[in-house]
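Report on the structure
Here is what each chain is made of, one letter per residue.
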Amino acid sequence: MNWPHFLALSIVALPAAAQAGARQDARVLLSDNPQERKFQQDWGYADAVVTGDTVYLSGVVAGVHPGETDLKLAYDRAFQRIEEALKRAGVGWDDVVDITSFHTDLAMQMPAIVEVKNRYIKAPPPTWTAIQVSRLIPDNGITEIKMVARLPKSPR
């Protein structure tokens with residue numbers, strides 16, 4: 001074998017191989033909402049990425065509206081939005097295996113998010129990591145919720 005020729009061909013093929021990553025082979029789901037879709041394109045993220053049998057959802061921010069004092073309203077809106085993304089990805093609440101939530105006031109927010117989460121996610125529970133953060137975008141954001149789900153096994 002002509003090693004210099006083989007090496008030159010290998011180096012030329014590297015850029016093409018670098019483009020064949022998991023996301024390029026995945027199903028990438030952007031928002032159906034035109035304004036949100038533009039924001040996602042500008043910021044460079046998707047609602048969800050389905051690769052193999054795993055669905056990765058971007059974080060959804062629960063935000064309070066002006067004058068709102070019931071955090072459950074904000075969490076319910078966030079869980080409804082997550083539900084829409086799950087459905088578009090071909091999964092449901094029973095397929096969620098992991099939750100990560102980022103809270104601006106962990107101790108105060110946990111009772112409300114737990115109550116709302118339990119309306120959507122039934123036993124057995126997924127894993128869940130809750131983390132305190134100093135702030136979120138947008139400024140009215142109180143918690144960002146990120147989930148991972150597995151596609152159901154197809155019947156044989």
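Residues numbered from 1 in each chain as written. Predicted model: local features only at pLDDT ≥ 70, side-chain atom pairs only at ≥ 80, totals over all residues. Heavy atoms only, no water.

**Some thoughts on the pairing of strand E6 (residues 127-132)**
What counts here: Should DSSP find at least two bridges between two strands, the strands are taken to pair. Helix numbering and strand numbering both begin at the N terminus, where a helix is a DSSP run of H or I of at least 4 residues and a strand a DSSP run of E of at least 2. With its strands directed away from the observer, a crossover is right-handed exactly when the path from the first strand over the helix to the second travels clockwise.
As defined by bridge partners, strand E5 (residues 96-103) adjoins E6 across 6 bridges and the pair is classed as parallel. Counted as the bridge partner of Ile 99 is Trp 128 from E6. Where the polypeptide runs from E5 across helix H5 (residues 106-120) and back to E6, its parallel neighbour, the crossover connection is right-handed.

**Focus: the packing of aromatic side chains**
Two descriptors summarise a pair of aromatic rings, namely the distance from one centre to the other and the angle between the planes of the rings. How we decide: In this analysis, rings of Phe, Tyr and Trp, with Trp reduced to its six-membered ring, are considered paired at centre separations within 6.5 Å, and the interplanar angle assigns stacked below 30 degrees, edge-to-face beyond 60, and tilted for intermediate values.
Going through the model one piece at a time under the given rule, you end up with 5 aromatic pairs. These aromatic residues form a ring-pair network of at least three members: Phe 39, Trp 43 and Tyr 45.

**Concerning the nonpolar core**
Quick reminder of the rule: Put simply, buried Ala, Val, Leu, Ile, Met, Phe, Trp, Tyr and Cys residues joined by side-chain atoms within 4.5 Å make one nonpolar core. Burial here depends on accessible area, computed with a 1.4 Å probe over protein chains only, as a share of the maximum for the residue type. Under 20% is buried, over 50% is exposed, and the range in between is partly exposed. Here a residue-residue contact requires only that any non-hydrogen atoms of the pair lie within 4.5 Å.
Formed by 29 residues in total, the largest nonpolar core has its most connected members in Tyr 75, Trp 93, Ile 145 and Met 147. Going through the elements one at a time, strand E2 (48-51), strand E3 (54-57), strand E4 (60-63), helix H4 (71-89), E5, H5 and strand E7 (141-150) are the ones with two or more residues in this core. The element contributing the most residues to this core is H4, with 9 residues. With residues up to four places along the chain from it excluded, the contact list for Met 147 reads Val 55, Tyr 56, Leu 57, Phe 79, Ile 82, Trp 93, Val 96, Asp 98, Ile 99 and Ile 121.

**Side note on the pattern of salt bridges**
Worth spelling out the cut-off: Criterion for a salt bridge: a side-chain nitrogen of Lys or Arg within 4 Å of a carboxyl oxygen of Asp or Glu.
Per the counting criterion, the structure on display carries 10 salt bridges. Close ionic contact of Glu 36 with Arg 81 constitutes a salt bridge, the shortest N to O distance being 3.2 Å. Here Glu 36 is found in helix H3 (residues 34-43), whereas its partner Arg 81 is found in helix H4, with 45 residues between them in sequence. Given a relative accessible area of 36%, Arg 81 falls into the partly exposed group. Arg 135 is the partner of Asp 139 in a salt bridge, and the nearest nitrogen-oxygen pair spans 2.2 Å. What makes Asp 139 exposed here is its relative accessible area of 67%. Salt bridges sharing common partners tie together Lys 72, Asp 76, Glu 115 and Arg 119.

**So, H3**
Operational definition: Polar contact criterion, stated in full: a pair of N or O atoms within 3.5 Å, where within protein one must be able to donate a hydrogen and the other to accept it, and residues adjacent in sequence count only if both atoms are side-chain atoms.
In this structure Asn 33 caps H3, since a side-chain oxygen of it lies 2.8 Å from the backbone nitrogen of Gln 35. Where H3 ends, the next residue or the one after it, Gly 44, has phi of about 80°, a positive value.

**Details of the layout of surface pockets**
Selection rule: Using only the protein atoms, space was sampled on a 1 Å grid; points where a 1.4 Å probe fits but cannot get out form cavities, open sets with protein on both sides within 12 Å along at least five of seven lines form pockets, and lining residues are those with an atom within 4 Å of a point. Grid points are joined across faces, edges and corners, and a volume is the space filled by probe spheres set on the points. For this classification, the nonpolar set comprises Ala, Val, Leu, Ile, Met, Phe, Trp, Tyr, Cys and Pro, the charged set comprises Asp, Glu, Lys and Arg, and every other residue, Gly included, is treated as polar.
Looking at the largest pocket, its volume works out to about 490 Å³. Lining the largest pocket we find 19 residues, and of these Val 60, Val 61, Arg 81, Ile 137 and Pro 138 sit closest to its centre. Counting residues per element, the ones that place at least two in the lining of the largest pocket are H3, E4 and H4. Here the residues of the lining of the largest pocket sort into 10 nonpolar, 5 polar and 4 charged. The calculated volume of the second largest pocket comes to roughly 230 Å³. In this structure, the second largest pocket is lined by 16 residues; those nearest its centre are Ser 31, Asp 47, Arg 81, Glu 84 and Arg 88. Here the lining of the second largest pocket gets 5 residues from one element, more than from any other, and that element is H4. Here the lining of the second largest pocket is built from residues that sort into 6 nonpolar, 4 polar and 6 charged.

In short, geometric facts, not functional conclusions.
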